[in-house]
There are 4 protein chains.
Amino acid sequence: MKVEIIAHTPDPEKLIASAAKLCYSQSGVEGIMEGLTPEKTEKFIDMLVSMGHASPFEHATFTFGIEGVSRAVLAQITRHRIASFSVQSQRYVNKESFTYIMPPEIEAVPEAKEEFLRAMEEDRAHYIRLAAILKEKHKARMVKEGMDGNAAEKAAEKLAFEDARSVLPNACDTKIVMTMNVRSLYNFFHLRCCTRAQWEIRALATEMLRKVKAIAPTLFRLSGPPCVSGPCPEGKMSCGRAKEMRELFGNM
Amino acid sequence: MKVEIIAHTPDPEKLIASAAKLCYSQSGVEGIMEGLTPEKTEKFIDMLVSMGHASPFEHATFTFGIEGVSRAVLAQITRHRIASFSVQSQRYVNKESFTYIMPPEIEAVPEAKEEFLRAMEEDRAHYIRLAAILKEKHKARMVKEGMDGNAAEKAAEKLAFEDARSVLPNACDTKIVMTMNVRSLYNFFHLRCCTRAQWEIRALATEMLRKVKAIAPTLFRLSGPPCVSGPCPEGKMSCGRAKEMRELFGNM
Amino acid sequence: MKVEIIAHTPDPEKLIASAAKLCYSQSGVEGIMEGLTPEKTEKFIDMLVSMGHASPFEHATFTFGIEGVSRAVLAQITRHRIASFSVQSQRYVNKESFTYIMPPEIEAVPEAKEEFLRAMEEDRAHYIRLAAILKEKHKARMVKEGMDGNAAEKAAEKLAFEDARSVLPNACDTKIVMTMNVRSLYNFFHLRCCTRAQWEIRALATEMLRKVKAIAPTLFRLSGPPCVSGPCPEGKMSCGRAKEMRELFGNM
Amino acid sequence: MKVEIIAHTPDPEKLIASAAKLCYSQSGVEGIMEGLTPEKTEKFIDMLVSMGHASPFEHATFTFGIEGVSRAVLAQITRHRIASFSVQSQRYVNKESFTYIMPPEIEAVPEAKEEFLRAMEEDRAHYIRLAAILKEKHKARMVKEGMDGNAAEKAAEKLAFEDARSVLPNACDTKIVMTMNVRSLYNFFHLRCCTRAQWEIRALATEMLRKVKAIAPTLFRLSGPPCVSGPCPEGKMSCGRAKEMRELFGNM
């Protein structure tokens, strides 16, 4: 898994503090950022968090480049609707060299690992053969319809990928560019850094949090699963690891 | 593929016409629907469409029950963010009896069909074996940690499904409950009934349109790909089948 | 203030329970609602609430007809973005007979009440005079440009309202048709039924809650300000009336 | 009216081109921006626009600081829901020195202008008197309940503003910080730069467009009302000024 921040709103903490300040003061737009020293910004942001005044956190966005995650994670991540996604297309891209994401629980058991690896290589072989058969068929039709051989080759390939992908597994890798604003990220980390989340999206969310925290430590100081900043909402279903979580995310 | 409308706003056309009427008149909320004969409702809706006054169309929603579609279609459908989804979970449900959606282009070529069917049955076998191995391992650990045998059996099974699903293919079936408002449906049909859309989501969108049209024919009279109501926006990339499309969707 | 539910998803509790059931079971779309007795539905919904599994609550929507609320409330209510609005237009509608919403704190002080009433009647007079002046001017221009007198009369009137409204007060009445799904309503009631909310939107939210609770008592049993279902999140800023609130909303 | 861009995604055109490139290629996240010369970026963006592939345009956002616009414009602008807002609060801020936005049609007629100005000054006087009466009353109660005089003064003031604002006019000025992504801006400019939009929001949208175009000319080259890039969708309701608009926005 590789996670990079490829773009973000410059000076996100100061922007958020400025926007919030506007709501409560006579101060104008000009010079809205003036006088916001790092200390004042921090104090302001802490106050917003404690008041639950969440909307100013929407003004700053982070864009992540993500690769080496599975299509299974993609299915979960795209359920977050206050976010923007660009995803590597299995309709347009040849996936014969796909890599795969092996669940740690599978990797830990030699018998399971062997089963999984065999599944991956069989899927790859099926994909390659299906793509070849379908491409041949589409190309023949296109040439018959009068298309030039080279153009037909290219066009037939795309059509072949589109259907051959049906045998690709959930574990197949994908690439994502995702943009979320800070408010949406708070919700994402809340749900997906929790020990009850599925392992891969938890690993992704934790890595994303580490990266944004390096850029905006005040904004994300209390981010993570609910137990980092308050009581566990799961009640008796709780994992009971709140202390461990607070240390993990607190020292990040 | 099975598509059912399992719920919808009652009298959607009248509701939309009423809401729009409120914007332009002194009339109050009481009796807002009075005097809206079917003829007046139709005229009002046609006027809204022609004016591009789209927001009143959001007041009515349709909820679809969908089954026998692939996880590949799920990935596309959940990219529509002005919509609500409940999806059968591969983390919680045993998918050893999964059915699969075979692309028509594959079914049409005996050699491709055979390849595809072999892929499906191998995936099923891998899934069953992986689930069994993982369940055994989780159960052993849980019993060792002091859990009762029956409880451990159940809990271990869920953990096993969660990881075993990584070998399930894109073609694997899923079930979806989806709610969209009429404005979002317009956009969905616009993009997904087009001949340039991928075959399965096009089949799904077309079936959804057929179903809503039976309930609200005025609302959806001009719905479908762009060529049903105007010029094709694809320019020289156009499929050139606008006449055929207008007949198909016009006579639906 | 008048609040009516003018449309809603039929059988909203059963629909939500059905959608959630699909996520966790092998059961198909056909017969998805079968076997969901009122008791089972209630139990299922309580479980969803306690698990924080919020997305199925989006499938059911309620549409409210609202009148006799102020433009000040409109400004607050339209800040809720997961909602659909149709609003009486001050550009298209003659507001010379506008009614106004008087804050109770003003009504309680004779001196303040008198000041307020004078403000309203002066605004009305300015509006009427401005509309008349502007209409005359627009009409004259239109007739000069060759438009028929009657058509000019009508067209000029609209243009006159559009600018004359600039003198209308925040207290001026408006009419709204608003649709929200249940998840968005939960958030709305959470924020707007709280004693810290502004009086008018609190009165509106409370009336809306009373109306939806009559239709779907299980869904909204714990709805209202946060203190109805848990501790007050305001900390030392709390109003200290949690017990009173629990009784008020509990007996609604 | 003052409009400033107070923050934006750095290098927005390159980011959007990179995200789109990921969808169609094997290329990874690392080095995703490499090789994207200004010429290639421009070509890529033009291709996305012509294909109607709109989602990559969501990755870049612009944050505007806006002041000297009316509450009437605020009501329109906040109807755009794919946007984030922070607005100067009339509940928390003393508006006795409010400025006002006078419609040009009113300013052009001496009689109308005089009427308007009188309305503004009367509203100001009512506001000041109401705030004073309400503050006195709240303060008296608070002191009686045991609050310290200075604290009561401050708390009473806020409560007084909250109700006194009910006499403030639509023309009253406000301040806004607003963030929109590029896709949402396209829609905003499409609707609000059109001659059929209300004058003030049109002026605001036009100024916003001028500002973003200076930063990202390729992205916004065809932005503006629909007639800038294609036929007018209003049909016989068209203003007939398409040529003028194309020049205005083309030379911006």
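An account of the accompanying structure is given in this report. The model shown is predicted, which means the values in this text are computed figures rather than measured ones.

Conventions and cut-offs
Residues numbered from 1 in each chain as written. Chains lettered and ligands numbered in written order. Predicted model: local features only at pLDDT ≥ 70, side-chain atom pairs only at ≥ 80, totals over all residues. Least-squares fit on C-alpha atoms with pLDDT ≥ 70 in both. Contact = placed C-beta atoms within 7 Å. Pairing = 2+ DSSP bridges. Helix = DSSP H or I, 4+ residues; strand = E, 2+ residues; numbered from the N terminus. Axes fitted to C-alpha atoms, helices over the stretch in contact; angles between N-to-C directions. Nonpolar A, V, L, I, M, F, W, Y, C, P; charged D, E, K, R; others polar. Buried ≥ 20, exposed ≤ 12 C-beta atoms within 10 Å, placed from the backbone. Arc of directions from axis to C-beta. Parallel < 35°, antiparallel > 145°, perpendicular 65-115°, else oblique. Left-handed = near helix turned anticlockwise from the far one by under 90°.

Taken as rigid bodies, chain A and chain D are interconverted by a rotation of 180° and an axial shift of 0.0 Å, the fit giving an RMSD of 0.0 Å. Overall, the copies show the geometry of a two-fold rotation axis. Residue A:T9, judged by its C-alpha, is the member of chain A lying nearest the rotation axis, at 2.5 Å. The share of interface residues of chain A whose copies in chain D are also at the interface is 100%, consistent with both copies meeting through the same surface.

All names here are of chain A. If you trace the four strands from one edge of the open sheet to the other, you get β1-β2-β4-β3, paired in antiparallel fashion. Across the chains shown, the open sheet's two edge strands, defined by having one partner strand only, are β1 (2-8) and β3 (84-87). Averaged over all pairs of adjacent strands, the angle between their axes in this sheet comes to 20°, without regard to strand direction. Note: β3 against strand β4 (residues 173-181), four bridges, orientation antiparallel. Each bridged residue has a counterpart across the sheet, and for V87 the counterpart in β4 is I176.

Okay, unusual backbone geometry next. Phi at A:D11 is positive, roughly 50°, even though this residue is not glycine. Here A:D11 shows up in the loop between β1 and α1 (12-24).

A separate point is the interface of chain A and chain D. Across the boundary between the two partners, chain A contributes 38 residues, which contact 38 residues of chain D. Counting residues per element, the ones that place at least two in the side of chain A that touches chain D are β1, α1, β2 (61-70), β3 and β4 of chain A. With six residues, α1(A) is the single largest residue contributor to the side of chain A that touches chain D. Among the residues forming the side of chain A that touches chain D, the class breakdown is 18 nonpolar, 15 polar and five charged.

A separate point is the sheet that holds strand β1 (residues 2-8) of chain C. The strand order across the open sheet formed by four strands is β1-β2-β4-β3 (chain C), and the pairing between neighbours is antiparallel. Each edge of the open sheet carries a strand with a single partner, namely β1 and β3 (84-87) of chain C. In this sheet, neighbouring strand axes are inclined to one another by 20° on average, regardless of whether the strands run parallel or antiparallel. Set on the sheet, helix α1 (residues 12-24) of chain B makes contact with β1, β2 (61-70), β3 and β4 (173-181) of chain C; between it and β3(C) the angle comes to about 45°. Of the strands in this sheet, β2 and β4 of chain C touch helix α7 (residues 182-192) of chain C, which is tilted by about 125° from β4(C).

Let's shift gears to helix α7 (residues 182-192) of chain B. Residues and elements named next belong to chain B. Within α7, the full set of buried residues consists of V182, L185, F188, F189 and R192. Looking straight down α7, one finds its buried side chains confined to an arc of 110°; they lie on one side. Considering only its buried residues, α7 is in contact with α1, β2 (61-70), β4 (173-181) and α8 (199-215).

Right, let's get into the environment of B:L130. Tracing the backbone through its elements, the reader meets B:L130 in helix α5 (residues 110-144). Distance from B:L130 to B:I176, taken between C-alpha atoms, is 26 Å for residues 46 residues apart in sequence. Apart from residues no more than four positions distant in its own chain, B:L130 is found in contact with A:I106, A:A112, A:E115, A:F116, B:A164 and B:V167.

Packed helices, taken two at a time, are described by the angle between their axes plus the distance between the axes. Residues and elements named next belong to chain C. One way to put it is that helix α5 (residues 110-144) packs onto helix α6 (residues 149-164) with a least axis distance of 7 Å and a crossing angle of 140°. Accordingly, the angle class assigned to the pair α5 and α6 is oblique. Crossing handedness for the pair α5 and α6: right-handed. Residues Y127, L130, A131, L134, K135, H138, K139, M142 and V143 of α5 pack against G149, A152, E153, A155, A156, E157, L159, A160, F161, D163 and A164 of α6. For the contact of α5 with α6, a count of residues per class yields 13 nonpolar, two polar and five charged.

With that settled, the discussion passes to the environment of A:E67. Looking at the element boundaries, A:E67 is found in strand β2. For the pair A:E67 and A:S238, spaced 171 residues apart in sequence, the C-alpha separation works out to 31 Å. Residues within four places of A:E67 in sequence aside, it is in contact with A:K2, A:K175, D:G28 and D:V29.

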